[in-house]
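Residue-level listing of the chains:
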Amino acid sequence: MDFKQLVGKLETLDFEKLYQDDFFLTWDKSREELDAIFTVADALRALRENNKSAKIFDSGLGISIFRDNSTRTRFSFASACNMLGLEVQDLEEKKSQIAHGETLMETANMVSFMADIIGIRDDMYIGKGHAYQKEFAESVQMGYDEGILEQRPTVVSLQCDIDHPTQMMADSLHFAHYFDGMENLKGKKIALTWAYSPSYGKPLSVPQGGIGLWTRLGMDVVLAYPEGYEVMDEVVEVAKKNVEECGGSFTITNSMEEACKDADIVYAKSWAPFAAMEERTELYGNGDFEGIDALEERLLEQNAKHKDWTVTEELMKTTKNGKALYGHPLPADITGVSCKEGEVDASVFDRYRKELYQQASFKPYIIAAMIFLQKVKNPKEKLEELWSDADKRLNDK
Amino acid sequence: MDFKQLVGKLETLDFEKLYQDDFFLTWDKSREELDAIFTVADALRALRENNKSAKIFDSGLGISIFRDNSTRTRFSFASACNMLGLEVQDLEEKKSQIAHGETLMETANMVSFMADIIGIRDDMYIGKGHAYQKEFAESVQMGYDEGILEQRPTVVSLQCDIDHPTQMMADSLHFAHYFDGMENLKGKKIALTWAYSPSYGKPLSVPQGGIGLWTRLGMDVVLAYPEGYEVMDEVVEVAKKNVEECGGSFTITNSMEEACKDADIVYAKSWAPFAAMEERTELYGNGDFEGIDALEERLLEQNAKHKDWTVTEELMKTTKNGKALYGHPLPADITGVSCKEGEVDASVFDRYRKELYQQASFKPYIIAAMIFLQKVKNPKEKLEELWSDADKRLNDK
Amino acid sequence: MDFKQLVGKLETLDFEKLYQDDFFLTWDKSREELDAIFTVADALRALRENNKSAKIFDSGLGISIFRDNSTRTRFSFASACNMLGLEVQDLEEKKSQIAHGETLMETANMVSFMADIIGIRDDMYIGKGHAYQKEFAESVQMGYDEGILEQRPTVVSLQCDIDHPTQMMADSLHFAHYFDGMENLKGKKIALTWAYSPSYGKPLSVPQGGIGLWTRLGMDVVLAYPEGYEVMDEVVEVAKKNVEECGGSFTITNSMEEACKDADIVYAKSWAPFAAMEERTELYGNGDFEGIDALEERLLEQNAKHKDWTVTEELMKTTKNGKALYGHPLPADITGVSCKEGEVDASVFDRYRKELYQQASFKPYIIAAMIFLQKVKNPKEKLEELWSDADKRLNDK
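In this text the structure is predicted, and so the values were computed from the model without any measurement.

1. Let's talk about the interface of chain C and chain B
Here's step 1: Across the boundary between the two partners, chain C contributes 41 residues, which contact 44 residues of chain B.
Here's step 2: Note on chain C versus chain B: buried area summed over both sides is about 4,000 Å², and carbon and sulfur give 51% of it.
Here's step 3: Broken down residue by residue, the surface that chain C buries against chain B is led by F75, Y357 and K397 of chain C, which jointly contribute 19%.
Here's step 4: For the pair chain C and chain B, the number of links is 6 salt bridges.
Here's step 5: For R72 of chain C, the salt bridge identified is with E102 of chain B, shortest N-O distance 2.9 Å.
Here's step 6: Inspection of the chain C/chain B interface yields 22 residue pairs in polar contact (both at pLDDT 80 or more).

2. Considerations on the relation of the copies chain C and chain B
Here's step 1: When chain C is brought onto chain B, the operation consists of a screw motion whose angular component is 120 degrees and whose axial shift is 0.1 Å, with 0.0 Å RMSD remaining. When the rotation and shift are considered jointly, the pair of chain copies conforms to a three-fold rotation axis. Judged by C-alpha distance, E87 of chain C is the residue of chain C that lies nearest the rotation axis, at 4.6 Å.

3. Describing the interface of chain A and chain B
Here's step 1: Listed per partner, the contact involves 44 residues of chain A and 41 residues of chain B.
Here's step 2: Taking both sides of the interface into account, the surface hidden between chain A and chain B amounts to around 4,000 Å²; carbon and sulfur atoms contribute 51%.
Here's step 3: On the surface where chain A and chain B come into contact, there are 6 salt bridges.
Here's step 4: Where chain A touches chain B, the interface holds 21 residue pairs in polar contact (both at pLDDT 80 or more).
Here's step 5: Going through the elements one at a time, β1 (61-66), β2 (87-90), α4 (104-110), β3 (115-121) and α16 (379-388) of chain A are the ones with two or more residues in the side of chain A that touches chain B.

4. What to know about the confidence of the model for chain A
Here's step 1: A residue-level look at chain A finds 98% of positions with pLDDT of 70 or above and a mean pLDDT of 95.
Here's step 2: Among the prediction metrics, the complex's ipTM stands at 0.95, with pTM recorded as 0.97.

5. What about the relation of the copies chain A and chain B?
Here's step 1: Between the two copies, chain A and chain B, the superposition gives an RMSD of 0.0 Å; the rotation angle is 120 degrees and the shift along the axis is 0.0 Å.
Here's step 2: Residue by residue, only 5% of the interface of chain A is reproduced at the interface of chain B, so the copies engage with different surfaces.

6. As for the pattern of salt bridges
Here's step 1: Under the defined criterion, the tally for this structure stands at 63 salt bridges over all chains.
Here's step 2: Salt-bridge contacts for D22 of chain A lead to R152 of chain A; the nearest nitrogen and oxygen are separated by 2.7 Å. In this pair, D22 of chain A is assigned in the loop between α1 (3-11) and α2 (31-49) and R152 of chain A in the loop between α5 (129-145) and β4 (154-157), connecting sequence segments 130 residues apart.
Here's step 3: Looking at D22 of chain A, the relative accessible area reads 5%, which means it is buried.
Here's step 4: Judged by relative accessible area, which is 9%, R152 of chain A ranks as buried.
Here's step 5: Across the pair D116 of chain B and R393 of chain C runs a salt bridge, and its minimum N-O distance is 2.7 Å. Taken together, the residues D116 of chain B in strand β3 (residues 115-121) and R393 of chain C in the segment after α16 (379-388) connect one chain to another. Exposure class is identical for D116 of chain B and R393 of chain C. Each is buried.
Here's step 6: The network of salt bridges with common partners includes R72 of chain A together with E102 and E106 of chain C.

7. Quick notes on the sheet that holds β4 of chain A
Here's step 1: Strand order in this open sheet of 4 strands is β2-β1-β3-β4 (chain A), and the pairing throughout is parallel. With one partner strand each, in any of the chains shown, β2 and β4 of chain A form the two edges of the open sheet. The average undirected angle you get between the axes of adjacent strands in this sheet is 25 degrees.
Here's step 2: In this sheet, β4 of chain A lies alongside β3 of chain A in parallel orientation, the contact comprising 4 bridges. Its bridge partner lying in β4 of chain A, I117 of chain A is registered against T154 of chain A.
Here's step 3: On top of the sheet, helix α3 (residues 72-84) of chain B reaches β1 and β2 of chain A; it is set at about 175 degrees to β2 of chain A, its chief contact.

Thresholds applied
Residues numbered from 1 in each chain as written. Chains lettered and ligands numbered in written order. Predicted model: local features only at pLDDT ≥ 70, side-chain atom pairs only at ≥ 80, totals over all residues. Heavy atoms only, no water. Contact = heavy atoms within 4.5 Å. Buried area = accessible area lost by both parts, 1.4 Å probe. Salt bridge = Lys/Arg side-chain N within 4 Å of Asp/Glu carboxyl O. Polar contact = N/O pair within 3.5 Å; in protein donor to acceptor, adjacent residues only side chain to side chain. Least-squares fit on C-alpha atoms with pLDDT ≥ 70 in both. Helix = DSSP H or I, 4+ residues; strand = E, 2+ residues; numbered from the N terminus. pLDDT = per-residue confidence, 0-100. Buried < 20%, exposed > 50% of the residue type's maximum accessible area, 1.4 Å probe, protein only. Pairing = 2+ DSSP bridges. Axes fitted to C-alpha atoms, helices over the stretch in contact; angles between N-to-C directions.

So, in structure tokens, the structure goes:
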């Protein structure tokens, strides 16, 4: 779709409720709201490709809170903010004078005096990340209502313990471009499968986010994992409900082979069992570090039993015409490259390297589109204005 | 006051000397100069509330130097710089190649090639912080005179060992809004009192800054602390002199009850004895870390004798009509929340939570106003231009 | 030269190939290309001095990668980016989720979605830094070609194991201003000499960059060091070849006195022997940390034999009319100031302090000029437009 068509598409969608609201979970939003974000992401990318400015803010801060190391998401958030005119200010907890026992309500307001957007990644402990993000949003809503903040900063989840919305939406937009349109994803089979990694405790937000979103797009979603690697029940229920409403299907299997057979897309990634992550959260709460060490050892042993859960060339041959699209949120554990045995064969990864990087390249635009729709009253008019403006991003003569 | 009235107020004030000068201590400045800063802070806030741009810089850096952890001041400085169009660049000494024995003159010039403003927080050692800030300012003045720097960056103290001007001025502006006008602070009784904290060595710049500034506003300032918690003599002299010139009164007492009785404002915060902080600086200079540990132990014991110095509901009942405004620079040590026993009862803190956050919210505007008046030749004309400009901060259609 | 003359000068030069290309080594570039950078650096400085905007980017990121601590270069890069309208985003490897074994190709693309410029300092290991920079540039070229990146970010070397181009070019521009014109450097004698420092392992990129560039300018370059402190052969060959093409001369001596005799410029700095640095790289590759410690001890002992290699007042008296310009990339090891015995006498350093700071002050403009010429299609027209625009950098009324 060209820019004009994108704006035309936007006109057909109902997405008013995104304005001034937060983005936590994809299933909080209507399908049309998600489509509006996909459409604006494409439009913002078109502006960038054509050296046109997408700066809607003359000043203002985008606060980032990463409670874990991050490269891709950190640079995607920084890129999105910069594109729209916001300066990123990182709340590094170790450089901060956050008092022991200081309430989140206080911290949230103290960093938000001139914040338009708050991007939070908090995926470490079950039951914590999403709750933290919601409490942060409620705190700044209160600060705005009380006249402490001149604007109500909106929250964009950059990953929580439940969902990873910017990743899953970027992945979906990549799939849509690859298969020539979001509507073409209907009926496509996607194998969302666990894979072996020598490290343990990788976040559940990816498989959960995948089944929560891809069932919305009418895909045939097959979630595969070895027994014992179950994900959160609530999200499984969300996926089941989606199928009823959106067509497609949702199946759980303990066979990677079954999942990948005739699949259009193979998305294979390690994660930790939900029950184990709940246990870890409890151990952590009790300060039981010996218990955590014991759990880690147990989980590594458990993982090691499933080294055959890996994306090999043979497995790829069993997919639709032997040519399924291979996807991964990156970085991947590549056998013989980043580890001895891992999630994927080096030859498979290399063959899809270009597609994998393209997949990642949608994330800044998805984040920027979320911010755009949270902040701009009349997105269609604003996009048209940005397109027709003489303002160049790089005014290089 | 509305925007027009604020600009009108500015016209009545003499504040030329702020232009191109630094801000170290409130008592370096005339009362009209302080009033100009209060007025511009309100005007900049009005611009923000009305979605108008206050960007006076098209590019330029604001350098921050925090020699201690910080959240509130860090984000306030970043907000102020961003609002005016400066990008913050933090001089993190641990990431820097500052050679052993490198002169401050050299460091100051090396980071200032494109710096318009330098914000420094250095409150750790008696006799050091203010001296460091002055030397920094002198160094860049020399660099400017010698053609090394194209502009003379001005220094804003974000706290030193003597004063905490941006905090005290933000607090004052909050009081003025609460009591409907700066002139209404005349004759108001403020209890600036020590309070118990389980930690030790909190900076003296807050009580010193308080007595140094609030006596300027014609308030009845009562400084209360247990015997042994004396503050710097020089600042006590400043406060006494202020009373002669500005009316009001200044009293020191060793009774928290006496200070709070019929007070209009209760401002209760822990600090370390000046003499002990001098001792610590000397021990530190001698590399006597055992001595420092012994001193810490002694100070914690000394603190523990004064757990009754805390803001209870009963104490608040003795204030003017039982309804004094409670103030704190945050974060507070709240009994039963952030510590077992602390500076204030949770119920008192909670009752004034909204006011405490509002108090904090003035700091970015105070800092921005200082920068604005240091950099803008014709502040009245510039404010009028910003107000009448079509430029929106968020151009959201 | 005034602004008009600078633009006129630019018209006489052929520098098209700088556009969209990287900057690794000065000897990759033609003399006219280097002159274009010198000229644009002066022009950008003139814009700044006259409070004119040089902002050519409305948004965009400048990514910095410092694999070693840095102050001068860090702030110079940040200043250059800010001046042109780019926001700096630092890739701090310790805050990043760069997987063990993650390819540079992946990291390079993941941080570059909205990057216009990548500044890399990597000078620690022989054979590594330059190679890393080249591979980074090739990776983003591929990403651009594959439609992953909307723009091709160009790389500016902020120092590698071979050359330190922004330093050497800034130094050269300083010399040119000091001696009233780049053409006046022809035939000037520069003593580029090793000097004693109590630390070891200082980078070779400075002496190598010096002989590689100053021979281009037709200077009489004398490289002096105690036996055993040889630099990279390949760069010695570059210097020799330059002499054939550009006139001037290039001599190596083991006598500091000989080098400084009648010199117009004395540039004295410690460095490590190339062979020892190669050895260190190998030990490091083998994880032989005992070997590294032993090497360090040996090198410190070796250094200590040459404490007489220092810039004294007597030595300075032997220079041209006793008045050679003293230069250093800073920070210097100053005898009695930053160390007991070092590279230079305090009185010499102090006498040239102003010139040393001026020397450093050219670096942000050199970096900005490199970026400008990499990004702007029609630099002459663009500079003229910036000069005639009403846009002020600080719009202070």
